[in-house]
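If you want the building blocks of each chain, they are given just below.
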Amino acid sequence: MKYMGSKRSMLLNGLGEAIQSAVPGHKRFVDMFTGSAAVAWHVAQKYDVEVLAGDLQKYSVVLASSVIGRTKPLKRKWLEDWADRATTWEAASDFVGRTKRLQKRIATEDIKSTCDRARDLCAEMPYPISKAYGGYYFSPQQSLTIDALRATLPLNKDARCAALASLIWVASRCAAAPGHTAQSFKPNLTAGEFLKAAWQRDVGACLHQSYDAIAPMFSKRKGAATKTDANDMASTLKEGDIAFLDPPYSGVHYSRFYHVLETLVGGKLVAVSGEGRYPEIGKRPQSKYSLVKSSEDAFEALLKSLASVGTDAIITFPAGEASNGLSGERVTELANQFFRIKSSKVTSRFSTLGGNSRNRDARQPSEEMILTLTAR
Ligand SMILES: C[S@@+](CC[C@H](N)C(=O)[O-])C[C@H]1O[C@@H](n2cnc3c(N)ncnc32)[C@H](O)[C@@H]1O
């Protein structure tokens, strides 16, 4: 999926090695800011340790649980039966005829007028994704299919979780937006072509790809993911645990970029506004780590709490200055107060933080620090 700060590529570029050296001798690996869950999945599949994960956002918890909470692969039959149920649900919708007709216009007709009609149509639709995001991040046909899939998830716990995680990937991959869902492509001369291309992505094909990637993965040991603040989670850790800390480095809350995924997981109608289609700020998780005035205190308290019970840690953080007021240097100083720094290295990763480009996945190379810490 498109995820700001995903450590997926870094697992092949330094982070995987750091984890390999640090994990032996620990009973639990705790990914405290799990995000796309790339690191929790990696560790759970590869090592015989219990993996726990936490994040403020519900969709991250679903992503993490879909693999760390399961010790067997899932059959494809779950997907096939689910897709059949969704097709029946969609066919019974009062809106299916109009969404299909509008979908046919996307390739050939003026995108501005198609977009206006799409927004009018979706405003009438009583389904969470269509009503909030149809005509913006998704065509009416795409949003109806996503709503149908959300309404007909498998009932079996593991299959339901993997199905919802697959649907999160679908929404992320199909969204008509550059990198993340802070703003959708506009139907104008510069971005109109990107909007058209995104609105023609095949949700069904993308679902099959996503499920076929997630369902075969499973953990060596059953773990669990929780929607929680990392500083609260820290009080549940102990000696023998190793915490993975990849906190926000942006001065903008993550929830601003991923509200579409959060609404999808919530499965309820939400009131949204503006071009970005955000729910009101009080309805989006706010992080102390994304505020310049509190990020340092929050991180210091977290490190202190982990060190006080003898938990080891791995930290990743941008090597330079970050927009939430922290920096690689300051993070190292804070870590040094409470832990022995066993190793420190700098590697490259790609970030979407500079992502203001409308027409490409605005990925910027940058330097990232990896600190391996042992309790003093
Ligand atoms: C840099 S991202 C983590 C990326 C993740 N390691 C990956 O590979 O995708 C930071 C994450 O921390 C979460 N977050 C922010 N504040 C938090 C807090 N106080 N407690 C737990 N999670 C938090 C955000 O929602 C976001 O998912």
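Sequence order sets the numbering: in each chain, residues are counted from 1 along the sequence as written. Local features are withheld for residues below a pLDDT of 70 in this predicted model, meaning they are given only at 70 or higher, and side-chain atom pairs are given and counted only at 80 or more; totals for whole chains, interfaces and linings count all residues. Excluding hydrogens and water, the side-chain values take into account all heavy atoms of the structure.

A. Structural view of the nonpolar core. The definition of a nonpolar core used throughout is a set of buried Ala, Val, Leu, Ile, Met, Phe, Trp, Tyr and Cys residues joined through side-chain atoms within 4.5 Å. Note on classification: 1.4 Å probe, protein chains only; a residue is buried when its accessible area is under 20% of the maximum for its type, exposed when over 50%, partly exposed between these limits. One finds Met-32, Phe-138, Leu-245, Phe-299 and Leu-302 to be the most contacted residues of the largest nonpolar core, which totals 107 residues. What fixes the domain bounds is an automatic or database domain assignment. Split by domain, this core shows at least three residues from each of two domains, domain 1 (9–72 + 222–251 + 291–375) and domain 2 (77–214). A contact between two residues is defined here by any heavy atoms of the two lying within 4.5 Å. With near-sequence residues (within four places) excluded, Phe-299 lies in contact with Leu-245, Pro-247, Tyr-289, Ile-315, Leu-326, Val-331 and Leu-334. Ile-111, Leu-121, Ala-191 and Leu-195 belong to the second-largest nonpolar core, a separate cluster that totals 18 residues.

B. Geometry of helix H14 (residues 295–308). Numbering of helices and strands runs from the N terminus; a helix is a DSSP stretch of H or I covering at least four residues, while a strand is a stretch of E covering at least two. In this scheme, a helix's expected span is set at 1.5 Å multiplied by one less than its residue total. With 14 residues, H14 extends 20 Å between its outermost C-alpha atoms, agreeing within 8% with the 20 Å of an ideal straight helix rising 1.5 Å per residue. All buried positions along H14 are accounted for by Ser-295, Ala-298, Phe-299, Leu-302, Leu-303, Leu-306 and Ala-307. An end-on view of H14 places all buried positions within 160° of arc, on one side of the element. Set apart from the buried face of H14 by more than 90 degrees, the exposed residues are Asp-297, Lys-304 and Ser-308. Phi for Gly-310, located one or two positions after H14, is positive at around 85°. Throughout, the arc means the angular range of directions from the helix axis out to the C-beta atoms.

C. Local environment of the site of the ligand. If you check the shell around the ligand, you find 22 residues, and the closest are Tyr-3, Ser-36, Asp-55, Asp-246 and Ser-287. A distance of 2.7 Å is found between an oxygen atom of the ligand and a side-chain nitrogen or oxygen belonging to Asp-55. The term polar contact refers here to a pair of N or O atoms within 3.5 Å; inside protein, the definition further demands a hydrogen-donor-capable atom paired with an acceptor-capable atom, and it admits residues adjacent in sequence only when both atoms are side-chain atoms. Between a nitrogen atom of the ligand and a main-chain N or O atom of Ala-230, the distance comes to 2.8 Å. Burial of the ligand by the surrounding chains reaches 99%, relative to a free accessible area of 610 Å². Class assignment of the residues belonging to the shell around the ligand gives a composition of 10 nonpolar, 8 polar and 4 charged. Whether a residue is near a molecule or strand is decided by its heavy atoms; if any one of them lies within 4 Å of it, the residue is near. All accessible areas in this document rest on Shrake-Rupley with a 1.4 Å probe, and a residue is counted as covered only by the protein chains that are shown. Polar here means any residue outside two lists: the nonpolar Ala, Val, Leu, Ile, Met, Phe, Trp, Tyr, Cys and Pro, and the charged Asp, Glu, Lys and Arg; Gly therefore counts as polar.

D. Representation of the side chain of Thr-145 in the model. Counting through the fold element by element, Thr-145 comes out in helix H8 (residues 140–151). Since its relative accessible area comes to 17%, Thr-145 is described here as buried. A polar contact of 3.2 Å, which involves the side chain of Thr-145, links it to the side chain of Glu-90. A distance of 3.0 Å separates a polar atom in the side chain of Thr-145 from the backbone oxygen of Gln-141. Not counting residues up to four positions away in its chain, the partners in contact with Thr-145 are Glu-90 and Val-203.

E. Structural context of helix H10 (residues 192–199). Among the residues of H10, Gly-192, Leu-195, Lys-196, Ala-198 and Trp-199 are the ones counted as buried. Seen from one end, H10 has its buried residues packed into an arc of 165°, which puts them on one side.

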